Amino acid sequence: MRIDRQVEPLVREALAAVVARDPARSVVATQTLVDQGDQAFADAVDLCLAVDNHVLLDLYDGPPNPDSIASLADSVVHMEAWTDIDRPTAQTFLTALVEQQDPASLLPPADAVEAGFVVGGWLLSAFVPESASWESALDHALEALGADEWTAEGLASGADGFAGTVRRASPSR
């Protein structure tokens, strides 16, 4: 996956806002992404989705089973109660990742985007070893993605795929 070096720090900041559990910072980070324009916003969402997918599959050494997904959904909702994400949204999002589906085809696009950043920040911070930081987990995922041929098209449904769906639902519209 080609990682846009202008988009990556914006994604990092959006994830950092989730890790910090800072609603105001999260709003600013999301608005900054939106302000970059449709293509940069779509690229940021695609990168976040790729990170989420990589971390989830790495955590389980492959796709987690439905019981594990349900448990993860319960945990993210409990631990990230400061967000608006609910259990059905978290579970649907995680299931879509595991099944290589477009989360925005199963959830309202804005909910899919929010879940992408909330679940991503939570996965990066909740399962990191004590001797490491969430940033090192993110760096590891980005390094692996940069070497992989992972593309958001793997989660595409239809001609526009996830990025096209998100682009149409961008808050700037």
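Placed above this text is the structure.
Below, the structure is looked at part by part. Keep in mind that what you see is a predicted model, and the values were worked out from it rather than measured. (Residues numbered from 1 in each chain as written. Predicted model: local features only at pLDDT ≥ 70, side-chain atom pairs only at ≥ 80, totals over all residues. Heavy atoms only, no water.)

1. Points about the nonpolar core
Item 1. Within the largest apolar cluster, 48 residues are counted, with the highest numbers of intra-cluster contacts made by Val 11, Leu 15, Val 51 and Phe 117.
Item 2. If you tally residues by element for this core, the top one is helix H3 (residues 38-59), at 11 residues.
Item 3. Aside from chain neighbours lying at most four places away, what touches Val 51 is Leu 124, Leu 138, Ala 141, Leu 142 and Leu 145. (Core = buried A, V, L, I, M, F, W, Y, C linked by side-chain atoms within 4.5 Å. Buried < 20%, exposed > 50% of the residue type's maximum accessible area, 1.4 Å probe, protein only. Helix = DSSP H or I, 4+ residues; strand = E, 2+ residues; numbered from the N terminus. Contact = heavy atoms within 4.5 Å.)

2. Comments concerning the packing of helix H5 (residues 87-98) against helix H7 (residues 109-126)
Item 1. Where H5 contacts H7, the two axes come as close as 10 Å, and the packing angle between them is 80°. With respect to H7, the axis of H5 lies roughly perpendicular. Packed against H5, whose contacting residues are Thr 89, Phe 93 and Leu 94, the element H7 presents Asp 111, Ala 112, Ala 115, Gly 116 and Val 119 at the interface.
Item 2. For the contact of H5 with H7, the class distribution of residues is five nonpolar, two polar and one charged. (Axes fitted to C-alpha atoms, helices over the stretch in contact; angles between N-to-C directions. Parallel < 35°, antiparallel > 145°, perpendicular 65-115°, else oblique. Nonpolar A, V, L, I, M, F, W, Y, C, P; charged D, E, K, R; others polar.)

3. Regarding the environment of His 54
Item 1. Mapped onto the fold, His 54 is located in helix H3.
Item 2. Overall, the relative accessible area of 17% leaves His 54 in the buried class.
Item 3. When the C-alpha atoms of His 54 and Leu 138 are compared, they prove to be 9.9 Å apart, with 84 residues separating the residues in sequence.
Item 4. Beyond its immediate stretch of four places on either side in the chain, His 54 contacts His 140, Ala 141, Ala 144 and Leu 145.

4. Considering the packing of aromatic side chains
Item 1. All told, the structure shown has one aromatic pair when counted by the stated rule.
Item 2. Aromatic pair Trp 122 and Phe 127: ring centres 5.2 Å apart, planes at 80°, arrangement edge-to-face.
Item 3. Residue Trp 122 is classed as buried on the basis of its relative accessible area of 1%. (Phe/Tyr/Trp six-rings, centres within 6.5 Å; stacked < 30°, edge-to-face > 60°.)

5. Regarding unusual backbone geometry
Item 1. Positive phi is not limited to glycine here, since Asp 61 has a value of about 55°.
Item 2. In the Ramachandran plot, Gln 100 falls in the positive-phi region, its phi being about 55° despite a non-glycine side chain.
Item 3. Exposure remark for Gln 100: the relative accessible area of 34% places this residue in the partly exposed category.

As far as function goes, none of this settles anything; it's purely spatial.
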